[in-house]
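# Inside the fold
One letter stands for each residue in the lines below.
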Amino acid sequence: MYSFAEWIQFSIGGFFWWLGVYLVSRNIFSKISWVLFWFLFSFSVYFFTDLLIPHISNLEINVLTSRLTNWSYLLPIVLTFHLSVIVTKRNNSVNKALLWIFYTVILIYIVLSLTTNLIVDNGNYLSFTKEFGYEFSKGPLFTVVAIFAVIISIFSLINYLVTLKNKKLTAYEKWRYSLPALGTFLNIIIGPFIYLFIYTD
């Protein structure tokens, strides 16, 4: 049986999935709609997987499920930067190059998380509880991924701050850029602590 909190989590995951599909359905040719779709869909998969894994007592199936869904917390790292480029319209040569670099790096991380224990050490589980299922150790590249996420957030914040320096912005435009800038800044401050302590070594 699922608890009330788990049903809430399930509802949030379902809402994220629905919202992503809704945004794409409104304009299938919109870049920002597709980026938002993958961003929301990733979190939806993460929420659903987080609900499912504690109920999988078979270690092999648990590890397989974890490997197949690790992308859901890796892909949003680069999508935050992609969103900042689209929202601020700073589609210059530097940001284009950074997008290629960041997507390439995150693709490598996804492949590594799927095929190796370098990011999450699925070969070394620490414990099994009804609340969290199997708890695995960090892999040797886990901290590197966390640092990479902070670096991307910094570049995202730069896009917003450079745009906010434009004196010709209307009050609405300043509000439009200030909110994601604040969210990105908080992610830089709080994110590393959350990310590094997902697993307990």
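So, how was this worked out
- Residues numbered from 1 in each chain as written.
- Predicted model: local features only at pLDDT ≥ 70, side-chain atom pairs only at ≥ 80, totals over all residues.
- Heavy atoms only, no water.
- Helix = DSSP H or I, 4+ residues; strand = E, 2+ residues; numbered from the N terminus.
- Polar contact = N/O pair within 3.5 Å; in protein donor to acceptor, adjacent residues only side chain to side chain.
- pLDDT = per-residue confidence, 0-100.
- Axes fitted to C-alpha atoms, helices over the stretch in contact; angles between N-to-C directions.
- Parallel < 35°, antiparallel > 145°, perpendicular 65-115°, else oblique.
- Contact = heavy atoms within 4.5 Å.
- Nonpolar A, V, L, I, M, F, W, Y, C, P; charged D, E, K, R; others polar.
- Core = buried A, V, L, I, M, F, W, Y, C linked by side-chain atoms within 4.5 Å.
- Buried < 20%, exposed > 50% of the residue type's maximum accessible area, 1.4 Å probe, protein only.
- 1 Å grid on protein atoms, 1.4 Å probe; cavity = no way out; pocket = protein on both sides within 12 Å on 5 of 7 lines; lining within 4 Å.
- Points joined across faces, edges and corners; volume = space filled by probe spheres on them.

## Quick notes on the environment of Asn-117
In this structure, Asn-117 sits in the loop between α5 (93–115) and β1 (120–129). At 2.7 Å, the side chain of Asn-117 forms a polar contact with the side chain of Arg-67.

## Re the confidence of the model for the protein chain
Chain-level statistics for the protein chain give a pLDDT mean of 84 and a share of 87% at 70 or above. Looking over the protein chain, one finds the lowest element-wise mean pLDDT in β1, namely 64, and the highest in α5, namely 95.

## Structural notes on the packing of helix α4 (residues 71–88) against helix α6 (residues 142–164)
It is the contact of α4 with α6, at a shortest axis distance of 9 Å, that shows an interaxial angle of 10°. As judged from the angle between their axes, α4 and α6 are roughly parallel. Along the contact surface, α4 presents Leu-74, Ile-77, Val-78, Thr-80, Phe-81, Leu-83, Ser-84, Val-85, Val-87 and Thr-88, while α6 presents Val-145, Phe-148, Ala-149, Ile-152, Phe-155, Ser-156, Asn-159, Tyr-160 and Thr-163. Considering only residue class, the contact of α4 with α6 consists of 13 nonpolar, six polar and no charged.

## Some details on the nonpolar core
By size, the foremost hydrophobic cluster in this structure holds 26 residues, and its most contacted members are Leu-74, Ile-77, Tyr-109 and Ile-119. The dominant element in this core, judged by the number of residues it contributes, is α4, at ten residues. Beyond its immediate sequence surroundings of up to four residues, Ile-119 is in contact with Tyr-73, Tyr-109, Leu-112, Ser-113, Lys-138, Gly-139, Leu-141, Phe-142 and Val-145. Counting seven residues, the second-largest nonpolar core is a separate cluster that includes Val-87, Tyr-160, Leu-169 and Ala-181.

## Details of the layout of surface pockets
Over the atoms, a rolling probe the size of a water molecule traces out where space has been left empty. One number sums up the size of the second largest pocket: a volume of about 320 Å³. Along its surface, the second largest pocket is lined by 14 residues, and Leu-83, Tyr-160, Leu-179, Pro-180 and Thr-184 are the ones closest to its centre. Looking at the lining of the second largest pocket residue by residue, the class counts come to seven nonpolar, six polar and one charged.

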